[in-house]
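Architecture at a glance
The primary structure of each chain is shown beneath.
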Amino acid sequence: MKKPTLQYLVLGVLAAWALIAQLTFSGFLVYLQARSPDRVQAPFYRDDYSTSIGRIPPEYRNSGLKINDEIVAFDGEQIEREQQFDDEWLNLRPGQTVMVTIRRDVNGQPRTLNVLVKLRRHASEALGWMFVITLSVFLPISCLLVGFYIAFARPFDRLAWITLAMLASFGQLAGSGTSWSIWSPWRELLLIYHPILDNTWPLWMLLFALYFPVPFPFIQKHRWVNWLLAFPLAALAALDLYGNFAEGAHIRDLGRLALFEKSASPSVIVLITLYVFAFFFLLGFKKKVVTTNDARRRLSVMIFGCSLALVPILPFILSRLNLIPFIPLWTLLFPMLIFFPITMAYVIVVQRAMDVRMVVRSGVQYAVASNGVKILRVVLIALVVLLTLHFEQRSDRRLEGIFIAALGIALIFTVGRLTRQASKWMDRRFFREAYNAEMILTELSSSVAGIRDIKTLLETIVTRIAASLHVPRIAVLLDRDESFQPAFAVGFSGSTPRVEFKRDTATVRFLQHQLAPSRVYFDDPQSWVHGVSQQEQAGLQTLDAQVLLPLTMKSRLLGLVSLGSKRSEVPYTKADLQLLSAVASQTGLALENAQLTESIRQEVAQRERLDRELEIAREVQQRLFPQKLPEVAGLDFAGYCRPALGVGGDYYDFIHLSGGGLGIAVGDVSGKGIAAALMMASLQASLRGQTIKPCETLSEMIGHINTLVYEASAENRYATFFYAQYDADNRSLRYVNAGHNPPIVCRKQGDEITFLRLEEGGTVVGAFPTFPYREGQIQLERGDVLVVFTDGISEAMNTADEEFDEERLLDALRTCNARSAAGIITYILEKVDGFTAGARQHDDMTVVAVRLQ
């Protein structure tokens, strides 16, 4: 798998930007809170991007100021930029008088009012510090750290990046914006950072619902929907970004933007409401359609926690729409910004929303439990010191400071006693079970080596593992008759589960490659289990597999042990897997002692027979491809097929027609291997038979081939097929496309190359007994190149599961148009191989190229 160098570089830049911006803003808020005893209450609040008064605090109702008054100057200084407002309120002290010049009418004369500045009212200074430290410092920084940790752990996971953006954007909702009093260039970093996240948080919520815990199939096929959803909020973020910067230099020129913002505010609120509603709707809908209980449980937790966090927004929305009295947003921020991150952390860490890393999966619970009380003591000590120093500076509140210091010291000692009691409980809770499991499994690993009876061996292993790790369902599958079948199982209702895994299945190959315990997570899109067939996934679900333990001997897989979920639903820890690995090594040795001679003999004989049969099938199939190309005047053509499994279902052919023409055929049989190869031979025979006595039209001919293939194949077998006949006299090409990838005609016109698609025809052959096919025709020109290919080319995937796709194929054709037919095929295959970079070939690859000379 390729290294995420670019992803790490991007994440590093984003992390530096986000932390610098957030630490700057959080530090500024702490500075303002430290000055809270002498901070003034602003006489008015402006409308966004405007110098007009939008709201007046109750303390200044008799100051002479009125709503919609335009602020012209402060103390005789003309207002031109946003920083003048910020600096004015930051530098004023209670009891000072500020001269505010206003214009009440559009064409009216300015008038000056002397406004006495008053002290900002505080319900509680301690509450103010708690609000700042919790919502403006700890919460946003914690959201950033958790979000970037997830993204760095899963750099290729789209859901991890969405989670990062969602956590970062929620951390911005507690701040009301930025201030021009912050020093440059930190101010500019924040002016960009805050508007982007503050305006897009509903988008990240909606995308999270689309991709969590697994993405909707529709969104995977139509990625343009993501851009469609992002456009309106991205436009709002761009306007906000422009407005924030423009306020710094020419705030008076933003009248249109201010008017638009004011008039569009109800519509924006409705839009955000729709996004939030869609978030809940999609999570609820996905809860009904997901197939695993684990996914449904996490979705239930997510819906419940987000409801506690986001439902309180409804009264605020109704108040902004003037349906109920005005409600300040800050009164709703606390439940919103507390419950939502807690829900995210719980679902991600405890409920395994994403397989971030083992330290998050299994270690975080104990880390929080063991260190939480210590962190609490440190926080209490810091708060006591800060509050004591604060009240010590004010002679009128020293008694209150002494009381708080005494209360804090008492709490610190109380927490100390609780720490000792909690430590004893945690040792019993976290370590005793681990110690017991280690003792049991260690004794087991040393005792199984002496057991020679397979049934006794398996019964001993399963019983001891179930008792030590509290796993109710365990099944052991051994290699029998070319597949791994259950030999012993406990915890399953009825008889032993009826499942099997062939030796060549993806599951077995994965375990043979890993040779170590492997976790099975169906809810993780990047888990290896999604690369196996549906049949294998169904078998693993029947076993309730959470961990697969390979039983090996000298890198040879003798069997596998499937462990279901623990009774406590706690994930398997790294220590569990290490102990299980030791047990598996000893078990593999015991199995080898009992089955070594017979297993080796059967395996060698079976492999020799299979290899010989595949070699014969490959030789037979190769004879079906054109061994000698016919000569056609004015044409240069070639073809090539590379099977995925030695033999395959791809087919191409060149047929010399009477009159000097050429028949060109390419087919792709469903499936791979021997079955597809047999149907490919049937298709070739049907085509050759039809060309001996030509039909009047190609559509009639393909209809006959469809009927023949339908009668000679199974119901679930079909083939895509393209057949064309080239007339050398008039350079015309008649063709029928039966459900095949549309071939491409490359035509050079001047310096430009255009591409024509040959799509006329009908459905695949062999699916229906009869079908009315349509014939297409195209007039070819000198220099035209016809390229026919199967989906093994366009759908070739690299290690990141990205497809080569037809756009890359077209790019290759643009650069190789002047090559010979064989050269074009070689160039295309080189491009595909360079893209896949050694990844496993999933499908047969066939390319045919025809050039008009």
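Our subject is the structure that appears above.
To keep things clear, this report deals only with the structure shown in the data block. (Residues numbered from 1 in each chain as written. Predicted model: local features only at pLDDT ≥ 70, side-chain atom pairs only at ≥ 80, totals over all residues. Heavy atoms only, no water.)

Here the focus is the overall build of the protein. In terms of helices and strands, the protein carries 22 helices and 25 strands. In the protein, buried positions account for 47% of the 853 residues. Sequence separation of at least 24 residues holds for 68% of the intrachain contacts in the protein that already meet a minimum separation of 6. Roughly 42400 Å² of accessible area belongs to the protein as shown, and the carbon and sulfur atoms make up 58% of that amount. (Helix = DSSP H or I, 4+ residues; strand = E, 2+ residues; numbered from the N terminus. Buried < 20%, exposed > 50% of the residue type's maximum accessible area, 1.4 Å probe, protein only. Contact = heavy atoms within 4.5 Å. Areas by Shrake-Rupley, 256 points an atom, 1.4 Å probe, with all protein chains shown as cover.)

Once that is clear, we can look at the sheet that holds strand β15 (residues 635-642). Within a sheet, neighbouring strands are paired by backbone hydrogen bonds and run either parallel or antiparallel to one another. Strand order in the open sheet made by the five strands is β15-β25-β24-β20-β21, with antiparallel pairing throughout. Among the strands making up the open sheet, the edge pair consists of β15 and β21 (752-757). This sheet shows a mean twist of 15° between the axes of neighbouring strands, independent of strand direction. Across five bridges, the pairing between strand β24 (residues 785-789) and strand β25 (residues 845-852) is antiparallel. Considered in β25, the bridge of Val785 is made with Arg851. Helix α21 (residues 805-815) rests against β20 (744-749), β21 and β24 of the sheet, and its axis sits at about 135° to β21. (Pairing = 2+ DSSP bridges. Axes fitted to C-alpha atoms, helices over the stretch in contact; angles between N-to-C directions.)

Attention shifts here to the packing of aromatic side chains. The final tally for this structure, using the stated rule, is 18 aromatic pairs. Ring centres of Tyr8 and Phe152 lie 5.8 Å apart, and the angle between their planes is 20°; on these two criteria the pair is classed as stacked. Here Tyr8, found in helix α1 (residues 5-34), pairs with Phe152, found in helix α3 (residues 125-153); they are 144 residues apart in sequence, far enough to count as distant. On the basis of an interplanar angle of 20° and a centroid distance of 6.4 Å, the ring pair of Phe277 and Phe281 is categorised as stacked. Residue Phe277 and its partner Phe281 are located together in helix α8 (residues 255-289), separated by four residues, close to a single helical turn. (Phe/Tyr/Trp six-rings, centres within 6.5 Å; stacked < 30°, edge-to-face > 60°.)

Take the pairing of strand β16 (residues 650-656) next. Counting buried positions along β16 gives six out of seven residues, so the element sits mostly inside the fold. Linkage of β16 to strand β17 (residues 662-669), two consecutive antiparallel strands, is achieved through a turn of five residues, within which Gly659 is found at a positive phi near 90°.

With that settled, the discussion passes to the environment of Gly284. Checked against the element boundaries, Gly284 lands in helix α8. Each C-alpha atom, one on Gly284 and one on Ile303, is 7.5 Å from the other, the two residues being 19 residues apart in sequence.

On to the packing of α1 against helix α5 (residues 186-211), then. Running from N to C, α1 and α5 cross one another at 105°; their axes reach a closest spacing of 9 Å. As the angle between them shows, α1 and α5 are arranged roughly perpendicular. Of the residues in α5, those in contact with Trp17, Ala18, Ile20, Ala21, Gln22, Thr24 and Phe25 of α1 are Trp186, Leu189, Leu190, Ile192, Tyr193 and Ile196. For the contact of α1 with α5, the residue count by class is 11 nonpolar, two polar and no charged. (Parallel < 35°, antiparallel > 145°, perpendicular 65-115°, else oblique. Nonpolar A, V, L, I, M, F, W, Y, C, P; charged D, E, K, R; others polar.)

Moving on to the nonpolar core. Leu687, Ile702, Phe721 and Tyr723 are the most contacted members of the largest nonpolar core, which totals 46 residues. Residue contributions to this core peak at six residues, all from strand β18 (residues 719-727). Membership of the second largest hydrophobic core comes to 32 residues, among which are Leu173, Phe280, Ile303 and Cys306. (Core = buried A, V, L, I, M, F, W, Y, C linked by side-chain atoms within 4.5 Å.)

Our next topic: α5. At Thr200, α5 shows its largest kink, close to 55°, and the proline Pro202 lies no more than four residues downstream. Of all 26 residues that make up α5, 19 are buried, and the element is covered over most of its length. (Bend = angle between axes of the 7 residues up to and from the residue.)

Quick look at the side chain of Lys286 now. Turning to its location among the elements, Lys286 is positioned in helix α8. In terms of polar contacts, Lys286 uses its side chain to reach the backbone carbonyl oxygen of Phe212, at 2.7 Å. Apart from residues no more than four positions distant in its own chain, Lys286 is found in contact with Ala209, Leu210, Tyr211, Phe212, Pro213, Val214, Pro215, Phe216 and Leu299. (Polar contact = N/O pair within 3.5 Å; in protein donor to acceptor, adjacent residues only side chain to side chain.)

Our next topic: helix α4 (residues 158-172). A turn of α-helix holds 3.6 residues, and therefore any two residues three or four places apart point the same way. Helix length check: α4 (15 residues) gives 22 Å between terminal C-alpha atoms against 21 Å at 1.5 Å per residue, within 8%. For α4, the tally of buried residues reaches 13 of 15 residues, placing the bulk of the element in the interior. Here α4 starts with a cap whose side-chain oxygen sits 3.0 Å from the backbone nitrogen of Leu159, and that cap is Asp157. (Expected span 1.5 Å × (residues − 1).)

Opposite charge on two side chains permits them to pair, given that their charged atoms come into close proximity. Scanning all chains against the criterion turns up 16 salt bridges. Note that Arg774 and Glu760 form a salt bridge whose closest N and O atoms lie 2.8 Å from each other. Placement of the pair is Arg774 in the loop between β22 (761-762) and β23 (776-779) and Glu760 in the loop between β21 and β22, with a sequence separation of 14 residues. Overlapping salt bridges bring together Asp479, Glu482 and Arg503 as one network. (Salt bridge = Lys/Arg side-chain N within 4 Å of Asp/Glu carboxyl O.)

Overall, antiparallel pairing links the six strands, which are arranged β11-β10-β9-β14-β13-β12 in an open sheet. On the outer flanks of this sheet lie β11 (501-502) and β12 (518-519), each paired with one strand and no other. Note that strand β10 (residues 483-490) and β11 share two bridges and pair antiparallel. Its bridge partner lying in β11, Ser483 is registered against Lys502.

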